[in-house]
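Working through the structure, step by step
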Amino acid sequence: MQREQQETQRMDGFDHRAPSYFICPISLQVMKDPVTIYTGMTFDRESIQKWLFSYKKITCPITKQPLSDFRLTPNSNLLRLIQSWSLQNASSSTTKFVEPEPNDHDALMKVLLEEIKQPHLQVKSLRKVKSLIQENRGDSSRITCISDDGLFSLVASFVVKTELPGIPQITGNDTPAIMNEAVSLLCLLRPSDEKLKMVAQNENGLLIDSLCLIITQYLSNLQIRTQAALLLKSIFKVVDGIYKDGLRVEFLESITEILKDQISKHGSLTVLAILMEVMSYGKNKEKAIKGGLIPVLIELLAEDNEKHLCEMMLVVLEKLCQKAEGRAAFVAHPAGIAVVSSKIFKVSHVGDDKSISLLLCVLRFCISSGEVAREFMEVGGVTKICLVIQSGCNSRTKEKAREILGFHLKTWNKTPCFPSFFKA
């Protein structure tokens, strides 16, 4: 009995130093015998027994949810952590909390997964889970209680349950913080393609809608918008086409702004990857054109010669120019034809092919436009096409170049700047 009293005094003396998940929500003391009730909340056995059986309460002290089951399930993982912490802190009243040894990380994750169910602890718990994953990313053996698949489903629920314009769901005082932490944590996880697809397509693509709205609505929070874009990049690679064809004009305008701002190469590559995935679905081309994507791409191409970025921008431009309004926007830009022509022999063999394909797409529908033909000649485009035909480019690219040359050959052949080796 005396030993028990001493142990109680020792533990009580450290309540102000203990991790929050060691504290009973009722007694506000370190738990000696933690048990979990029907709602998933954990309390000290003595405190919850008084609540239920002495005070005759029939609701959870935290959630206020009516209880249909009054069983108390021992939380052995939490008890082991509390006991370990107590021994480590027994020597001095000034000793601070010592993090668990590596073999305790799995148990700590279990505790955090319980704590994350409590609304007032959710933000803090998400941060702890994120920190734990970052510390153990290279050693999967240290956390085995939950897979990335299981954790992805749990954390995604915080994103879709947060109230956003157009998606009225559950909200709370820490909604922005919960959103930040949940999206940041999702970016750390590596779920299987099957799990990613299942979660993304659940409830008619609610997660996709939520991430799109984050990019559209959180204009002042660049970090969460970039992280949402990274998630959408992965999601759009695995979901069915139906989840790509209903994108809003506002979303495409927002990612165009991210591209225009050129915050980072990684951010630009992410947005371009999204555009390449979704441009072929529904009315996305028309929406992107309406959102001003074509002039932004032309201006970025004029400034950038980085191989991969240029190749991706040329692919997206070609897709947009498959539409009449896209071609009109392209030729209306004073630098459109000149910029694309300048990329031939300047980026890569892939860049050459994409540039030729884009010019072919535009010039095929501008045969009757003498103005476009003159501009193409004046900016050196015709000379570049002739050089492609004579170069070591692949046969497919050369064939496209010959087709372009054939559109206005009689007109160009009469001009003094037409290559003499091609004159009739």
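Per an unreviewed UniProt entry, the protein goes by the name U-box domain-containing protein and belongs to Salix udensis. Listed in UniProt under the heading Function (unreviewed entry), the comment for the protein reads: "Functions as an E3 ubiquitin ligase." According to the UniProt record, the Catalytic activity (unreviewed entry) comment for the protein is "S-ubiquitinyl-[E2 ubiquitin-conjugating enzyme]-L-cysteine + [acceptor protein]-L-lysine = [E2 ubiquitin-conjugating enzyme]-L-cysteine + N(6)-ubiquitinyl-[acceptor protein]-L-lysine."

What the protein contains, in helices and strands, is 21 helices and three strands. Residue burial in the protein is summarised as follows: out of 424 residues, 49% are buried. The long-range share in the protein, meaning contacts at least 24 apart out of those at least 6 apart in sequence, stands at 66%. In the structure as shown, the protein presents an accessible area of about 20500 Å², 51% of it carried by carbon and sulfur atoms.

This part covers the packing of aromatic side chains. The full count for this structure, using the stated rule, is two aromatic pairs. Look at Tyr21 and Phe22: their rings are 5.1 Å apart centre to centre, the planes differ by 90 degrees, and that puts the pair in the edge-to-face class. Of the two residues, Tyr21 and Phe22, neither departs from the other in class, the shared state being buried. Centre to centre, the rings of Phe22 and Trp85 are 5.9 Å apart; their planes meet at 70 degrees, and the pair counts as edge-to-face. Residue Phe22 is found in the loop between helix H1 (2-12) and strand S1 (34-36), and its partner Trp85 is found in helix H3 (residues 76-88); the two are separated by 63 residues along the sequence. For the residue pair Phe22 and Trp85, the accessibility class agrees, reading buried in each case. Clustering of aromatic rings is evident, with ring pairs tying together Tyr21, Phe22 and Trp85. The ring of Trp51 has Lys57 lying over it, and the distance from NZ or CZ to the ring centre is 5.5 Å. The ring of Phe365 carries Arg327 above its face, with NZ or CZ at 3.8 Å from the centroid.

This part is about a nonpolar patch on the surface. Taken together, the side chains of Phe53, Ile58 and Phe70 define a hydrophobic patch exposed on the protein surface, amounting to about 300 Å² of accessible area. Tracing the backbone through its elements, the reader meets Phe70 in the loop between helix H2 (45-54) and strand S3 (73-74). With a relative accessible area of 34%, Phe70 lands in the partly exposed category.

On the surface, Glu250, Glu253, Glu257 and Asp261 cluster together into a patch of negative charge. Assessed through its relative accessible area of 40%, Glu257 is described here as partly exposed.

Right, let's get into the pattern of salt bridges. By the definition in use, this model includes 13 salt bridges. Between Asp33 and Arg45 there is a salt bridge whose closest N-O contact spans 2.6 Å. Of the two residues, Asp33 is situated in the loop between H1 and S1 and Arg45 in helix H2; the sequence distance between them amounts to 12 residues. Residue Arg45 is classed as partly exposed on the basis of its relative accessible area, which comes to 22%. Of the charged contacts in the structure, one is a salt bridge between Arg364 and Glu403, with a shortest N-O distance of 3.0 Å. Pair noted here: Arg364 is in helix H17 (residues 349-364) and Glu403 is in helix H20 (residues 395-407), with a separation of 39 residues, a long-range link. Within this structure, Arg127, Lys130 and Glu181 form a network of salt bridges that share partners.

Let us look at the sheet that holds S3. Pairing is antiparallel across the open sheet formed by three strands, whose spatial order is S2-S1-S3. Because the sheet does not close on itself, it has two edges, and the strands there are strand S2 (42-44) and S3. Helix-sheet contacts for H2 involve S1, S2 and S3, and the interaxial angle to S2 is about 95 degrees.

Parameters and conventions
Residues numbered from 1 in each chain as written. Predicted model: local features only at pLDDT ≥ 70, side-chain atom pairs only at ≥ 80, totals over all residues. Heavy atoms only, no water. UniProt positions renumbered as here; feature names shortened; annotations may be inferred. Helix = DSSP H or I, 4+ residues; strand = E, 2+ residues; numbered from the N terminus. Buried < 20%, exposed > 50% of the residue type's maximum accessible area, 1.4 Å probe, protein only. Contact = heavy atoms within 4.5 Å. Areas by Shrake-Rupley, 256 points an atom, 1.4 Å probe, with all protein chains shown as cover. Phe/Tyr/Trp six-rings, centres within 6.5 Å; stacked < 30°, edge-to-face > 60°. Lys NZ or Arg CZ within 6 Å of the ring centre and 35° of its normal. Patch = residues over 30% accessible without salt bridge, like charges linked within 9 Å, V, L, I, M, F, W, Y side chains within 5 Å. Salt bridge = Lys/Arg side-chain N within 4 Å of Asp/Glu carboxyl O. Lys, Arg positive; Asp, Glu negative; His and termini not counted. Charge placed at Lys NZ, Arg CZ, Asp CG, Glu CD. Pairing = 2+ DSSP bridges. Axes fitted to C-alpha atoms, helices over the stretch in contact; angles between N-to-C directions.

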